[in-house]
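# Chain and residue survey
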Amino acid sequence: MFGGFLFLEHSVYVFIQQSCTKIAVNYLQQHRLITKDQHGFLTKISTATNLLESLNDWTLNIEKKNHQSVANIDFAKAFDSVRHSQPLIKLTAYGIIHVVHC
């Protein structure tokens with residue numbers, strides 16, 4: 001019985017998280033705060049599509065004999081260690097905080 005309660009609690013948490021994410025992403029898109037070049041958290045635009053797009057750009061540059069520089073940065077550690085107060089301050093600056101508090 002206790003395990004079922006934890007599952008229900010987790011399911012409710014996931015639902016709330018997904019709902020708030022949709023609201024925030026819609027707000028960001030409506031106010032043009034997300035560019036078409038952002039990948040990884042938008043529907044049908046994943047990190048895999050980012051790599052494919054990048055590979056295509058690199059190939060075109062090689063074919064045109066253009067110079068190019070590439071830098072890959074893994075922000076996973078940075079995002080895992082961010083204090084929650086800092087992103088909330090930025091969300092407030094963009095006018096999103098009222099939307100995110102669902």
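Because the structure is a prediction, the values reported are computed rather than measured.

For the rest of this paragraph, the subject is the overall build of the chain. Summing up its helical and strand segments, the chain has five helices and zero strands in all. If you list the helices and strands of the chain from N to C, you get α-α-α-α-α. Every one of the 102 residues in the chain was classed for burial, and the buried ones make up 11%. Look at the contacts in the chain between residues 6 or more apart in sequence, and 33% of them connect residues 24 or more apart. Of the roughly 9,200 Å² of accessible surface on the chain, a fraction of 62% belongs to carbon and sulfur atoms.

Once that is clear, we can look at a nonpolar patch on the surface. Residues Val-12, Phe-15 and Ile-16 make up a contiguous nonpolar surface patch of roughly 300 Å² in combined accessible area. As for its position among the elements, Ile-16 is in helix H1 (residues 2-30).

Let us now look at the environment of Leu-51. Tracing the backbone through its elements, the reader meets Leu-51 in helix H2 (residues 47-63). Considering only alpha carbons, one finds Leu-51 and His-39, twelve residues apart in sequence, at a separation of 9.5 Å.

Glancing now at the confidence of the model for the chain. Taken as a whole, the chain shows an average pLDDT of 75; of its residues, 73% reach a score of 70 or greater. Element-level mean pLDDT values for the chain span from 55 in helix H5 (residues 97-100) up to 89 in H2.

Here we come to unusual backbone geometry. For Arg-32, which is not glycine, the phi torsion reads 55 degrees and is therefore positive. Inspection of the secondary structure assignment puts Arg-32 in the loop between H1 and H2. Accessibility expressed as a relative area gives 76% for Arg-32, which makes it exposed. Of note, Lys-65 is a non-glycine position whose phi angle comes to about 60 degrees, a positive value. By secondary structure assignment, the location of Lys-65 is in the loop between H2 and helix H3 (76-80).

Time to look at H2. Its 17 residues place the ends of H2 24 Å apart at the C-alpha level, agreeing with the 24 Å of an ideal helix rising 1.5 Å per residue. Sitting at the amino-terminal end of H2 is Ser-46, which places a side-chain oxygen 3.2 Å from the backbone nitrogen of Ala-48. Lys-65, located one to two residues past H2, shows a positive phi value of around 60 degrees.

How each quantity is defined
Residues numbered from 1 in each chain as written. Predicted model: local features only at pLDDT ≥ 70, side-chain atom pairs only at ≥ 80, totals over all residues. Heavy atoms only, no water. Helix = DSSP H or I, 4+ residues; strand = E, 2+ residues; numbered from the N terminus. Buried < 20%, exposed > 50% of the residue type's maximum accessible area, 1.4 Å probe, protein only. Contact = heavy atoms within 4.5 Å. Areas by Shrake-Rupley, 256 points an atom, 1.4 Å probe, with all protein chains shown as cover. Patch = residues over 30% accessible without salt bridge, like charges linked within 9 Å, V, L, I, M, F, W, Y side chains within 5 Å. Salt bridge = Lys/Arg side-chain N within 4 Å of Asp/Glu carboxyl O. pLDDT = per-residue confidence, 0-100. Expected span 1.5 Å × (residues − 1). Polar contact = N/O pair within 3.5 Å; in protein donor to acceptor, adjacent residues only side chain to side chain.

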